[in-house]
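Topology and contacts: notes
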Amino acid sequence: MELKDITTKTNPTWCPGCPNFMILAGVKNAIIKFKKKREDFALVTGIGCHAKLFDYLNLNGINSLHGRVLPTCLGIKKAKPELTVFGFSGDGDAYAEGMEHLIHAARFDFDYNYFVHNNQVFALTVGQPTPVSELGYTDKTTPNGVSVYPINPLKIMLASGASFVARVYADPKQVEWIMGEAMKHKGFSFVEILQPCLVFHPQTSAYKEKCYSLEKEGHDKTSFREAWNKADEFDYNVAEKIPTGVFYQVERV
Amino acid sequence: MRYNILFGGEAGQGPNVLTNVLGEALVKLGYFVYYSRDYQSLIRGGHNFNVLTFSDKEVYSNDSEMDIIISIDEATAKIHEDELKKDGILLDGDHQNMYFAGALFKVLGLPFEVLEEELRILKHRFDENIKEARDGYEAVKVCFDIVKSKKNKGIFVDGNEGISEGAIKSGIDMYYAYPMTPATSVLTKLAQKEKDNEYFTMELENEISVINATIGSAMTGKIAMCGTSGGGFDLMTESLSLAGVAGIPVIIFLSQRPGPGTGVATYTAQGDLNIARHAGHGEFNRVVLAPGDPVQAYKLTNQAIYFSQKFGIPSIVVSDKHLGESFYTIPSWPDLKEIKKSRKLKRYNSYEKDGDGSATENSRIIEENVLRRKEVGLEIEKESFNFSKYEIFGNKKSKNVVISWGSTKGAIVDAIDGLDVKFIQVKYIEPFPVELANEFGENLILVENNATGQLAGLIAEKTGIIIEEENRILRFDGRPFLRDELKKEIEERMK
C-alpha cells in the first residue's frame, strides 16, 4: 500500500500551518508501515477540525456525530473483529459531548484505538472553551474567563481502567510511532495528541518545547502509581513540563 | 364460554409463575388463553396482578368482571372485591402459590395430571410444589362445568417473544440495548438464546451508545438492531437522523409506555406514534411498523429488517407494554420474507457527501443527494404494496368502521364479535396506506390508548378525513382496553 492509496482527492481546508497536517502525515505513514490492505482498516471521526481527517484519509468508515466515535468503533469491531479500527476525536468530542463513552470504552477494553486531538478549545465553532481549557481562557462566550479547573483526561483514563494510556505532541514522527504502539496493543488504546490551535489558542504552541519523553527517562509503564504521578505533572492549566509517550500499558485481553 | 381469572399478590410471591403454569396447562388442553400483567415499579411487596381469560374460541383480551379471584396476599381480595361476579369464586387464605394452582384446577374441574406435568416442566421446587398443589386440589370442590376444548394446538407467547423470534429467524447479527421497561425482555430473550445462535447481544452504557454501536455494526453489512422505550428512543434520535443521511440500515424496537417524562414505567400507552414518525432532525426516509399481536410482531420485525436492508434506511417497530408483556395463544410462527444483506463497509458520512464519501458543501451535490433520497422514498412506498399494510376484521360491508393500530387490536377484535362493525387495523404507519380511505364507511370510530388521537391526526394528514371528537374512544390511564367496556363504547357510537 502506498500513500496515494489512502489519500483522497479532497484539498485540506485546515488553516495554514495547523498541526493537524502533522498528525495526518504521521497517521498515513503509520498505516502504510503496518503492511495491511486498505480494506483491513476502519476509520471513525467525530465533529470538529480533527474530523476533516476523514475527508483526506481514504479509508472505509464513517465521519460520525459529535461525541459518538467510540460506540461506533465498538459496533464495527464487534461486527468485524478482523478489522483494525481507529477512532479520532477532538477534545470537545471526547471530553465534553462523549465523555461517558470514553469512560466505558476504557472499562470494556475492546481492541480499538482512540486518538484525541487536544487543542483545549472548540476551534471549528470559533473559539469557545472546552472541559480542558485553562483557567482564565477568554472568548466571546466567556468574557470573564474560564473560572473552573480543567479536567485531566489521562487521570480519568487511568481511573477508568484503561489498558493503554499515552500522550504525544502533534509531530509526524511521534504520531507515527504511537499509532504503531497502539495498533500492536491488544485492548483499548487511548492516545492524546497535543495539537495547538494557532488561531484560537496560539499560546499552547509553547507546549512543544515543554514536552519530554517518558521512554528516554526510563519510565515504568507497567506501574499504575508511576503513570498516575506522571499524569499529574501536567494539569492542563499551567504547563511547566509535559510528559509524552506511553504512561501506562497492561494487557488484559 | 369465556372465563376471567385474576391472580393477585405481592411482587415476589410469584403471581406470574402461577399464571404461566395455568396458562400453559390450559393451552395444552386445547383452550385459547390470554393474560395481561399489571405490576408496579418495585421489586418486593406492593400489589401485582394478572388477569387470565380463556375460552374454547380465540381470545385476545380481558373483561372487567372476574369469575375467579386468587388472592395470594390479603390485599388482593379487598382491592378487587368489586370486580368479582355475584356467582364468582374467591380463593384466598395463607397458602403457598402452588396451593392455589391446585385449588384452581379443581374449581375448574381440570385433571390434576396436567398440572403435575406443568410443575415437572417448571422443575424449580418440584417436590414442594406438587405437595402444595395436591393440598389445594383436595381442599376445594369443582365449581365450574367448563366446555370441553376442541383440542386446538397452540403456543403461548408474549409480544416481545414475537419481536425476538422474528429477529432471530430473520438472521440478526447484533442486538444492543440499555435496560428500559417494557423493551428489556427482548434483550433478555435474545441474550438467553445467544449461545445457540450466531448473533451478539450487549448492554451498553446508555441509549446513545446503543444506537451508535448499532450503526457501527450495520455499516459493516451486519443486521443490527436495538431496543428501547420512549425516553431511550428520545436519546437515540440524533443518531436516527445520522442513519437517515448516511443510508445505514438500523432497526429500532420502540416499546411504548406512558409518558411524558418517566411517566408510568410499568404500564401501557400508545403515545409515541408521532415521535416514531417524526424523530430526528432533517428530512429522511424511514419505515414505521406497528404490530397488534405476537404473530404480527414476528412478521413486522422481519419486514422492518427487510426494508432496512433493501433500502439502507432506519426502520422502527412500534409496540407497547400491553402487547409486549401480555401472553397470547397463537397457532405457530409463520414463514418469513427472506432477508438479503445489502450493505458493506465503505465510506459513510453524517455530512452530505460527495462521490468519494467525503463531506461536501457543493449545492449541486447536496441537491442530487436529497433528490436521490426522495426517489428512494418513492421506491419504499412502491415496495410496501407487496405487503399487507392493514388488516380488516368483522363485517367487511358495515358502515360502522372502527380504526386503530397496535395492541388495541386484541380488545377490539373481541369486542366487535357479534356486532355490525368493520375493524381496520393499520400496521404500516410509514409508508402510510393512503388507499385505506376507500375502506372507511360513513361512521368512522377511533380507538387509541392515548389522549390526543395520534392515529386520527395521521389519517387527517394523509387523507383529509377528520374523525369527530365524539367518535374517538381514547383511554389514557396506563391501562389497556377491556372487552366488555370497549364493546359498550363502540355500541354507543354505532349507527
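Report follows, based on the coordinates.

Cut-offs applied
- Residues numbered from 1 in each chain as written.
- Chains lettered and ligands numbered in written order.
- Predicted model: local features only at pLDDT ≥ 70, side-chain atom pairs only at ≥ 80, totals over all residues.
- Heavy atoms only, no water.
- Helix = DSSP H or I, 4+ residues; strand = E, 2+ residues; numbered from the N terminus.
- Rg over C-alpha atoms; globule rule 2.2 N^0.38 Å.
- Buried < 20%, exposed > 50% of the residue type's maximum accessible area, 1.4 Å probe, protein only.
- Contact = heavy atoms within 4.5 Å.
- Areas by Shrake-Rupley, 256 points an atom, 1.4 Å probe, with all protein chains shown as cover.
- Lys, Arg positive; Asp, Glu negative; His and termini not counted.
- Charge placed at Lys NZ, Arg CZ, Asp CG, Glu CD.
- Salt bridge = Lys/Arg side-chain N within 4 Å of Asp/Glu carboxyl O.
- Buried area = accessible area lost by both parts, 1.4 Å probe.
- Polar contact = N/O pair within 3.5 Å; in protein donor to acceptor, adjacent residues only side chain to side chain.
- Axes fitted to C-alpha atoms, helices over the stretch in contact; angles between N-to-C directions.
- Parallel < 35°, antiparallel > 145°, perpendicular 65-115°, else oblique.
- Left-handed = near helix turned anticlockwise from the far one by under 90°.
- Nonpolar A, V, L, I, M, F, W, Y, C, P; charged D, E, K, R; others polar.
- Core = buried A, V, L, I, M, F, W, Y, C linked by side-chain atoms within 4.5 Å.
- Phe/Tyr/Trp six-rings, centres within 6.5 Å; stacked < 30°, edge-to-face > 60°.
- Pairing = 2+ DSSP bridges.

**Description of the overall build of chain A**
- Looking only at helices and strands, one finds nine helices and eight strands in chain A.
- By the compact-globule yardstick of 18 Å for 253 residues, chain A fits well, its C-alpha radius of gyration being 17 Å.
- Judged by the C-alpha coordinates and their principal axes, chain A covers about 50 × 45 × 30 Å.
- Counting all 253 residues of chain A, 60% fall into the buried class.
- Expressed as a percentage of contacts within chain A between residues at least 6 apart in sequence, the contacts between residues at least 24 apart total 72%.
- Taken as a whole, chain A presents about 9,900 Å² of accessible surface, with 55% of it coming from carbon and sulfur.
- Charge-centre separation for chain A: the mean point of 28 positive side chains lies 5 Å from the mean point of 28 negative side chains.

**Remarks on the overall build of chain B**
- For chain B, the count of helices and strands is 16 helices and 20 strands.
- A compact globule built from 495 residues would reach a C-alpha radius of gyration of about 23 Å, and chain B, at 24 Å, matches this within 12%.
- Taken over the C-alpha atoms alone, chain B extends approximately 80 × 55 × 40 Å along its principal axes.
- Counting contacts in chain B only where the partners sit at least 6 residues apart, residues at least 24 apart contribute 75% of the total.
- Just so you have it, chain B exposes about 19,900 Å², and 48% of that area is on carbon and sulfur atoms.
- Where the 59 positive side-chain charges of chain B centre and where its 74 negative ones centre are 5 Å apart.

**Concerning the pattern of salt bridges**
Residue and element names in this part refer to chain B.
- Applying the stated criterion to the full structure yields 41 salt bridges over all chains.
- With a closest N to O distance of 2.9 Å, R475 and D477 form a salt bridge.
- A relative accessible area of 39% means that D477 is categorised as partly exposed.
- Members of the salt-bridge network, linked through shared partners, are D158, E161, E165, K169, K189 and K193.

**Structural notes on the interface of chain B and chain A**
- On the chain A side, the residues contacting the 32 residues of chain B number 33 residues.
- Together, the buried faces of chain B and chain A total about 2,500 Å²; carbon and sulfur atoms form 62% of this surface.
- When residues of chain B are sorted by the area they lose upon contact with chain A, B:E205, B:L345 and B:R347 head the list and together hold 23% of the total.
- Connecting chain B to chain A are one salt bridge.
- Linking chain B with chain A are 13 residue pairs in polar contact (both at pLDDT 80 or more), by the criterion used here.
- Listed by contribution, the elements that provide at least two residues to the side of chain B that touches chain A are strand 7 (174-177), strand 8 (200-203), helix 8 (207-219), helix 9 (230-246) and strand 14 (347-349) of chain B.

**Focus on the packing of helix 6 (residues 159-169) of chain B against helix 7 (residues 184-192) of chain B**
Residue and element names in this part refer to chain B.
- Two elements in contact, helix 6 and helix 7, have axes separated by 9 Å at closest approach and are oriented at 45°. One way to sum up the angle between helix 6 and helix 7 is to call them oblique. Along this stretch, helix 6 crosses helix 7, giving a crossing that reads as right-handed. Together, N160, E161, I163, S164 and I168 of helix 6 and S185, V186, K189 and L190 of helix 7 make up the contact between the two elements.
- Within the contact of helix 6 with helix 7, the residues separate by chemical class into four nonpolar, three polar and two charged.

**What to know about the nonpolar core**
- Among the nonpolar cores identified, the biggest contains 93 residues, and A:F188, A:F190, B:I248, B:I403 and B:L455 are the most heavily contacted of them.
- Setting aside residues up to four positions removed in sequence, A:F190 forms contacts with A:Y95, A:L102, A:Y114, A:V116, A:P153, A:L154, A:M157, A:F164, A:V165 and A:A166.
- Counting 43 residues, the second-largest nonpolar core is a separate cluster that includes B:Y31, B:L108, B:I130 and B:F144.

**Structural notes on the packing of aromatic side chains**
Residues and elements named next belong to chain B.
- Going through the model one piece at a time under the given rule, you end up with 30 aromatic pairs over all chains.
- Aromatic pair Y306 and F307: ring centres 5.8 Å apart, planes at 90°, arrangement edge-to-face.
- Aromatic side chains F307 and F387 sit 5.3 Å apart centroid to centroid with 50° between the ring planes, which places their arrangement in the tilted category. Here F387 lies in the loop between helix 13 (363-384) and strand 15 (390-394) and F307 lies in helix 11 (residues 294-311), a separation of 80 residues in the sequence.

**Concerning the environment of B:K310**
- Structurally, B:K310 can be placed in helix 11.
- Apart from the residues lying within four places of it in its own chain, the contact partners of B:K310 are B:S342, B:R343 and B:E383.

**Quick look at helix 7 of chain B**
- Along helix 7 of chain B, the residues classified as buried are B:S185, B:V186, B:L187, B:K189 and B:L190.
- Next to the buried residues of helix 7 of chain B lie strand 6 (155-158), helix 6, strand 7, strand 8 and strand 10 (250-256) of chain B.

**A few points about the side chain of A:S189**
- For A:S189, the location among the structural elements is in strand 6 (residues 189-194).
- Sequence-distant contacts of A:S189, defined by excluding residues within four places in its chain, comprise A:Y112, A:N113, A:Y114, A:F164 and A:A182.

**A look at the sheet that holds strand 2 (residues 61-63) of chain A**
- Strand order across the open sheet formed by nine strands is 7(A)-8(A)-5(A)-6(A)-4(A)-3(A)-1(A)-2(A)-14(B), with mixed pairing between neighbours. Two strands close off the open sheet at either side, each with one partner strand: strand 7 (211-213) of chain A together with strand 14 of chain B. Averaged over all pairs of adjacent strands, the angle between strand axes in this sheet comes to 20°, irrespective of strand direction.
- Across the sheet, helix 7 (residues 172-184) of chain A lies against strand 1 (41-45), strand 3 (84-90), strand 4 (113-118), strand 5 (164-169), strand 6 and strand 8 (242-249) of chain A, angled at about 170° from strand 5 of chain A, the strand it touches most.

**Some details on the pairing of strand 1 (residues 2-11) of chain B**
All names here are of chain B.
- In terms of burial, strand 1 is a largely internal element, nine of the 10 residues being buried.
- As paired strands, strand 1 and strand 3 (residues 45-55) are joined by nine bridges and run antiparallel to one another. Bridging across to strand 3, L6 finds its partner in V51.
- With four bridges joining them, strand 1 and strand 4 (residues 66-71) adopt parallel strand pairing. Residue pairing for strand 4: L6 is matched across the bridge by I69.

**Quick look at helix 6 of chain B**
- Across the 11 residues of helix 6 of chain B, 10 count as buried, placing the element largely inside the fold.
- Taken from the residues just after helix 6 of chain B, B:G171 is the one with a positive phi, measuring 85°.

**Examining the environment of A:T7**
Residue and element names in this part refer to chain A.
- Tracing the backbone shows T7 in the segment before helix 1 (20-33).
- With a relative accessible area of 30%, T7 lands in the partly exposed category.
- The spacing of T7 and Y56 is 49 residues in sequence and 5.8 Å in space, taken between C-alpha atoms.
- Contacts of T7, omitting those with residues within four sequence positions, involve K28, Y56 and N58.
- For T7, the side chain forms a polar contact with the main-chain oxygen of L3, separated by 2.6 Å.

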